[in-house]
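Observations on the model geometry
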Amino acid sequence: MVDNTNISIDHVKRAEVFSSTPETIIKSIRSPSFSRNRSNRDRASAAPKLVQITVSEAGAFWIQRARVEGLEESTVRQYRQHLDLHIGPLIGQQPIVHLTAPMLEGFKDALLRTRSRAMSRKVLTSLKSILSEAVRLGHAQQNAATTIQIRRKPRAPISGWNLDSSTCKIPSREQLRQLIGGAAEIFPISSAPIALKELGSDSRTCWHPFFATAVFTGMRSSELRGLIWRHVNLNRQIIEVRQRADFRNQLGPPKSAAGYREIPMAPIVFQTLSKWKSVCPQLTSDLVFPSRNGRVHTNSNIHKQCWGPLQLSVGVTAPCSDDVRKLKPRFPFHILRHTAASLFIEQGWPPKKVQAVMGHSSIQVTFDTYGKLWNDPQGDLEAMALLEKRLLG
């Protein structure tokens, strides 16, 4: 039996590196070499032993974590692009334990010289997340990118209809009327039920109700593509946003919790959807706007079959950058979302209601994008006059 009366717990802890049995622990403590090298061992044990991995290897752990957390495939894909196209080529081979603030300032400057400011900000955010994950996993003691910042370029507000048509960022009222009328003429709704194989020919298209719904609801393209009849309540005249189609045309939940919402129908939306439902092919997918094969429409279909031809047909065009003699559709499809918000604000809707109907994650997004549209100089003067009258009589 070994006498361990005079052996302290602290000694035992320091000796654990030698063996896990009590006899060998006590033997190692009593050995002359242990006392002689004790201070060196203490210093060595004070600093954790880090496995040196590169930024690219840390990025792989980060991508793996994103998949485990169940992030959308489009988000994971964007993370992978940031890592492979921007972070990897510039600092991918650097060990993360060797990263310093000056080194990362150089990385930031390189991004700004070769990428847009918006892309540089996104890539820097991804790098910070990579290093945070490395710290969490114990591969680094601190995130060296914490203090690195790229100033946000002020976001250009939507101008609404207070500017002339040459500078307006959304279709003018006249252009909007032309587009709405053109949609009814170019994409008339069939008067007879449509078989699936007939979709896309002559008047057998969904584009008129699709376009009307986009203009007067502000729904995202992904939400329109993923809309099903079960979420179109014609009795209450509301559309329930409960899902959307991602870039792979897979149906899933809305973009955020705020994406779950109910949107009231304008009369034209109610009328076109009611008429379209009576002739729309009955599918197991229950899609409101199905493609010819009964599946979710792609974004390219929207531009090639609907939005592009519609603008060209009514003259809402702009010169091509490579040949000014040629014309192209003037506006991207997403502009219809801003158009709807402008219509809501013009009708006097308060900011919180606009936020709710648009599905913005915060009121800050609503104000940053559309705050200028609530500007009412004449109304402000009238309000100040009323304030003075109430106070002074």
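This is a predicted model, so every value here is computed, not measured.

**As for the overall build of the protein**
When helices and strands are counted, the protein shows 17 helices and 7 strands. Sorting the 393 residues of the protein into buried and exposed places 39% on the buried side. Counting contacts in the protein only where the partners sit at least 6 residues apart, residues at least 24 apart contribute 61% of the total. For the protein, the exposed area adds up to about 22300 Å²; of that, 53% sits on carbon and sulfur atoms.

**Some words on the side chain of S222**
Tracing the backbone through its elements, the reader meets S222 in helix 11 (residues 221-225). Once you skip the residues sitting within four places of it in the chain, S222 turns out to touch R244 and A245.

**A look at unusual backbone geometry**
Positive phi values are uncommon outside glycine, yet Q237 reaches one of about 60°. Examined against the element boundaries, Q237 turns out to sit in the loop between strand 1 (232-233) and strand 2 (238-241). Taking relative accessible area as the criterion, Q237 reaches 34% and is therefore assigned partly exposed. Unlike most non-glycine residues, N249 shows phi in positive territory, near 70°. For N249, the location among the structural elements is in the loop between strand 3 (244-245) and strand 4 (251-252). Residue classification places N249 among the partly exposed positions, given a relative accessible area of 24%.

**Focus on the pairing of strand 2**
Side chains I238 and E240 of strand 2 all project onto a buried face; the interleaved residues I239 and V241 project onto the opposite face, where all are buried too. Two strands pair when backbone bridges link them, and strand 1 and strand 2 are joined in this way by 2 bridges, in the antiparallel orientation. For N233, the partnering residue across the bridge sits in strand 2 and is I238. Connecting strand 1 to the next strand, strand 2, in antiparallel fashion are 4 residues, including Q237 with a positive phi near 60°. When strand 2 meets strand 5 (residues 261-264), the two strands line up antiparallel, connected through 4 bridges. Its bridge partner being in strand 5, I239 is matched across the sheet by I263.

**Some thoughts on the packing of helix 10 (residues 207-217) against helix 12 (residues 267-279)**
Two elements in contact, helix 10 and helix 12, have axes separated by 9 Å at closest approach and are oriented at 155°. The angle between helix 10 and helix 12 falls in the class roughly antiparallel. Handedness of the helix 10/helix 12 crossing: left-handed. Contact residues: H208, P209, A212, T213 and F216 in helix 10; I268, V269, T272, L273 and W276 in helix 12. A per-class count over the contact of helix 10 with helix 12 returns 7 nonpolar, 3 polar and no charged.

**Examining the sheet that holds strand 1**
Read from one edge of the open sheet, 3 strands run 1-2-5, paired in antiparallel fashion. Looking along the sheet, the strands with just one partner apiece sit at the ends: strand 1 and strand 5.

What counts as what
- Residues numbered from 1 in each chain as written.
- Predicted model: local features only at pLDDT ≥ 70, side-chain atom pairs only at ≥ 80, totals over all residues.
- Heavy atoms only, no water.
- Helix = DSSP H or I, 4+ residues; strand = E, 2+ residues; numbered from the N terminus.
- Buried < 20%, exposed > 50% of the residue type's maximum accessible area, 1.4 Å probe, protein only.
- Contact = heavy atoms within 4.5 Å.
- Areas by Shrake-Rupley, 256 points an atom, 1.4 Å probe, with all protein chains shown as cover.
- Pairing = 2+ DSSP bridges.
- Axes fitted to C-alpha atoms, helices over the stretch in contact; angles between N-to-C directions.
- Parallel < 35°, antiparallel > 145°, perpendicular 65-115°, else oblique.
- Left-handed = near helix turned anticlockwise from the far one by under 90°.
- Nonpolar A, V, L, I, M, F, W, Y, C, P; charged D, E, K, R; others polar.

Any link to function would need more than the numbers given here.
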